[in-house]
Amino acid sequence: MRIGTFKESYVADAALFDSRTQQAWLALLAALLVLFPFVASDYWLYLACLIAINVASSAGLNILTGYTGLVSLGQAAFMGLGAYTVAILQARWGTPLLLNLLAGGLVAMLGGVVVGIPSLRVKGLYLAIVTIAASFIAHFLFANFKITGGTAGLSLQPGRIFDIDLDSSFRLYWLILPVTLLMLLGAANLFRTRIGRAFIAIRDRDISAEVLGIPLLPYKLLSFGLSSFYAGVAGGLWAYFFRVVTPESFPLSMSIFFLAAIIVGGMGSILGGILGAVFMTLVPELLKLLVDLLPGGADLAVFLSPVRLVVFGALIIGFLVFEPLGLAEMWRRTRRFFHLWPFKN
């Protein structure tokens with residue numbers, strides 16, 4: 001049984017997938033993802049699409065907060081910028097779907113760079129307050145500009161790609177999943193480059209990074225921009241998925257949701273962003289299903305709803321207390337245990 005990986009070159013050390021075991025598991029996962037929509041119900045397809053959107057946005061926030069160490073509570077606002085950009089382009093000019101998603105990401109990226117300008121002077125809770133202020137400004141703009149439809153928002157026609165209407169969860173799955181996987185692959189490769197290592201150096205000690213010759217402001221702005229680009233694309237996918245975009249679609253609580261996702265999953269880890277988004281999306285649904293299975297669950301649902309939220313909150317607090325490194329560390333610990341278990345005395 002493999003208990004280590006011996007690497008003989010820098011190329012092997014920098015490889016994204018460093019063993020045939022990893023490649024085999026990834027191939028199996030890819031096969032399961034391809035087969036899933038053919039056997040899943042509409043409800044589980046809906047959840048799969050929503051999870052993929054949340055994973056994409058969480059991956060972007062992890063670049064900023066997990067890897068660069070810059071706290072942000074504005075992820076929902078940047079998703080809103082991407083969603084509104086997609087909705088406006090679709091409704092007014094009928095531009096192609098993929099171009100709309102790219103434009104949504106770029107507009108959100110521009111917004112992220114603007115919000116990131118104060119990051120050279122403030123950090124920690126002060127930077128979090130700046131991003132909260134940006135959320136309120138974005139909400140005001142969404143609700144009061146004619147081009148955004150005001151408080152009524154905008155409605156979208158189903159997206160089209162290759163002359164196919166993406167009017168169901170099954171069809172949208174084949175758009176949302178590949179885009180999310182490409183974004184995850186990009187994030188994983190980012191931290192094998194000089195830019196990604198600069199982000200990590202800034203997170204560990206920004207003064208030391210500056211002494212080493214890393215210009216702080218350009219790299220912080222780049223981190224904000226990349227994180228916001230991910231949020232903008234995720235927001236565009238969200239717009240195509242729900243086909244209605246309103247100012248209330250992206251509240252501050254959504255930003256807290258994504259911050260909780262990367263904390264629960266494990267900050268500074270691509271896997272952590274994935275696991276955290278899956279946990280934060282699925283657990284409330286699973287608790288709801290559990291309530292429905294109880295005798296008289298339909299009648300008790302209204303009364304047990306607060307209890308369900310308390311249980312969900314308690315699970316998050318439990319992770320913070322007992323496993324501060326998140327689900328990703330639990331997964332790594334489990335792998336180490338089962339790799340070494342046959343050799344334990």
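To keep things clear, this report deals only with the structure shown in the data block. Everything numeric here is computed off the predicted structure, so don't read it as measured data.

Structural notes on the pattern of salt bridges
Consideration 1: Using the criterion set out here, one finds seven salt bridges in the structure.
Consideration 2: Here D163 and R160 are joined by a salt bridge, their closest N and O atoms 3.6 Å apart.
Consideration 3: By relative accessible area, D163 is classed as exposed at 68%.
Consideration 4: Across the salt bridge formed by R203 and D204, the nearest N and O atoms sit 3.2 Å from each other.
Consideration 5: Assessed through its relative accessible area of 33%, R203 is described here as partly exposed.
Consideration 6: On the accessibility criterion, D204 (54% relative accessible area) is exposed.

With respect to the packing of helix α3 (residues 42-67) against helix α11 (residues 252-265)
Consideration 1: The contact between α3 and α11 brings their axes to 9 Å, and the two run at 75°. Of the possible angle classes, the one that applies to α3 and α11 is roughly perpendicular. Together, N54, S57, S58, L61, N62 and T65 of α3 and F257, F258, L259, A261 and I262 of α11 make up the contact between the two elements.
Consideration 2: Looking at the contact of α3 with α11 residue by residue, the class counts come to six nonpolar, five polar and no charged.

Some details on the environment of W238
Consideration 1: For W238, the position within the fold is in helix α10 (residues 216-242).
Consideration 2: For W238 and A83, which are 155 residues apart along the polypeptide, the C-alpha to C-alpha distance reads 6.8 Å.
Consideration 3: Ignoring sequence-local partners within four residues, the contact set of W238 consists of I53, M79, R243, V244, S249 and F250.

Here is what the cut-offs are and how they apply
Residues numbered from 1 in each chain as written. Predicted model: local features only at pLDDT ≥ 70, side-chain atom pairs only at ≥ 80, totals over all residues. Heavy atoms only, no water. Salt bridge = Lys/Arg side-chain N within 4 Å of Asp/Glu carboxyl O. Buried < 20%, exposed > 50% of the residue type's maximum accessible area, 1.4 Å probe, protein only. Axes fitted to C-alpha atoms, helices over the stretch in contact; angles between N-to-C directions. Helix = DSSP H or I, 4+ residues; strand = E, 2+ residues; numbered from the N terminus. Parallel < 35°, antiparallel > 145°, perpendicular 65-115°, else oblique. Contact = heavy atoms within 4.5 Å. Nonpolar A, V, L, I, M, F, W, Y, C, P; charged D, E, K, R; others polar.

This is a description of form; function is not addressed.
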